[in-house]
Amino acid sequence: MVDRPSRLQTRRQILKTAIGGTAGIVLGTPVLRLTAARAQAVSDGAGTGTLRLSDDLFVVRIPGEANVVAQIDGKGVLLVDGGSAAGSDALMKAVSSLPAAGPVHTIFNTHWHPEQTGSNERLGKSGATIIAQENTKLWLTTDVTWSWNGKRFARLPKLAQPNKTFYTTGTLESGIQYGYIPDAAHTDGDLYVYFPKQNVLAVGDVVSGEGWPVVDWQTGGWIGGIVGGLQRLQTIANADTKIVPGRGPVLSLADIKKQAEMYSEIYNRLSQMLNKGRGPTEAVEAKPTKEFDAVMGNGDEFVRRSFESLWAYLSPDA
Ligand SMILES: [Zn+2]
């Protein structure tokens, strides 16, 4: 069993907010929008190479790895996420070949998952500032086991742990803004990083630009939080903001709105089943994602985890 910090009150509040916040949303045409997003993925070369967002800001893509945002400044390089440990060498090579690149002086961990924190150890050793929300640090300093598949994640060594944490928001000297996304869309330690000059918003796995997301309820994520997080991001982004998700192509505010509608609909369907006393297997059999699966992929695993996440939030000992 995971040593989970108690956040009962927060969870109750989040649940209330999410339910209130999703009321009145009308299901739009997410399939069309998501198809458009996929077309963009082809045209901007998602999956390979480096995408330039502005003079000094890039999305570095190593095949098989999550998106990494790199900003070049006078002091070196700032990263949002650092890929997996296995992909770290390739990532650092790609980053060092960016125009005018220097040493990495700062890295944000958008959350604790190993797909984002695999460069922490080398960067910690070289003296970089590792910024994370306090809950992310808590997960990185404890062993985590996913109860649905037994997968185990060992805590990071001291040098690899975040060395600058925050609770709500922060601003770097350079003007870069960052903040907590408290809805628990993906984990309970999610953060965003906003580059105001370039109007780029990096959001990690709070948004998936590529297929159904992992619903990691073991460390706080839940389906209501996906909806809440997508709604919150709409208050941070504007119509021209480039939104960089953990995986997949760069998205727009319109894409985020459509995603919010889709997940809101799925959330409502799952909640109704929960209220009728149904279980995860029945939820999967009901195919509550069926009209989205052609674009998003098979939804069974996502539905099962999402349903379990409702249990995690609603059960008395959650
Ligand atoms: Zn993740």
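Residues numbered from 1 in each chain as written. Predicted model: local features only at pLDDT ≥ 70, side-chain atom pairs only at ≥ 80, totals over all residues. Heavy atoms only, no water.

(A) Expanded view of the coordination of the zinc ion. At the metal site, the zinc ion is ligated by His111 (NE2), His113 (ND1), His186 (NE2) and Asp205 (OD), and these contacts range over 2.1 to 2.3 Å. Around the zinc ion sit 4 donor atoms, and with donor-metal-donor angles ranging over 91 to 170 degrees the site reads as irregular. A residue is classified by how much of its surface remains accessible, and His111, at 1% relative accessible area, is buried. (Donors = N, O, S within 2.8 Å, 3.2 Å for Na, K, Ca; no water. Tetrahedral: all angles 85-135°; square planar, octahedral: opposite > 155°, others 65-115°. Buried < 20%, exposed > 50% of the residue type's maximum accessible area, 1.4 Å probe, protein only.)

(B) Structural view of the pattern of salt bridges. A full pass over the atoms with the stated rule returns 12 salt bridges. Among the ionic pairs, Glu291 bridges to Arg269, the shortest N-O distance being 2.8 Å. With Glu291 in the loop between helix H9 (280–285) and helix H10 (293–296) and Arg269 in helix H8 (residues 253–275), this residue pair connects regions lying 22 residues apart in the sequence. Given a relative accessible area of 34%, Glu291 falls into the partly exposed group. Here the residues in one salt-bridge network are Asp143, Arg152 and Arg155, joined through shared partners. (Salt bridge = Lys/Arg side-chain N within 4 Å of Asp/Glu carboxyl O. Helix = DSSP H or I, 4+ residues; strand = E, 2+ residues; numbered from the N terminus.)

(C) Local environment of the nonpolar core. Counting residues in hydrophobic clusters, the biggest one holds 40 residues, and the most contacted among them are Leu201, Val207, Trp212, Tyr263, Leu270 and Phe302. Taken together, the elements giving at least two residues each to this core come down to strand S12 (191–195), strand S13 (200–208), helix H7 (223–236), H8, H9, H10 and helix H11 (300–314). Per element, the largest residue contribution to this core is 10 residues, and it comes from H8. Not counting the four nearest positions on each side in its chain, Tyr263 is found in contact with Gly211, Trp212, Pro213, Ile223, Ile226, Val227, Leu230, Met296 and Phe302. Val69, Val80, Phe108 and Ile176 belong to the second largest nonpolar core, which has 21 residues in total. (Core = buried A, V, L, I, M, F, W, Y, C linked by side-chain atoms within 4.5 Å. Contact = heavy atoms within 4.5 Å.)

(D) Representation of the environment of Leu310. For Leu310, the position within the fold is in helix H11. Judged by its relative accessible area of 1%, Leu310 falls in the buried class. For Leu310 and Trp217, which are 93 residues apart along the polypeptide, the C-alpha to C-alpha distance reads 8.7 Å. Not counting the four nearest positions on each side in its chain, Leu310 is found in contact with Trp222, Ile223, Tyr267, Leu270, Ser271 and Leu274.

(E) Broad picture of helix H3 (residues 88–96). Those residues of H3 not exposed but buried are Ser88, Leu91, Met92, Ala94 and Val95. With its buried residues spanning 160 degrees around the axis, H3 presents them on a single face. In H3, the exposed positions that point more than 90 degrees away from the buried face belong to Asp89, Lys93 and Ser96. Considering only its buried residues, H3 is in contact with strand S2 (57–61), strand S3 (68–73), strand S4 (76–80), strand S5 (104–108) and helix H5 (120–125). (Arc of directions from axis to C-beta.)

Remember, this is a structural readout, not a statement about activity or role.
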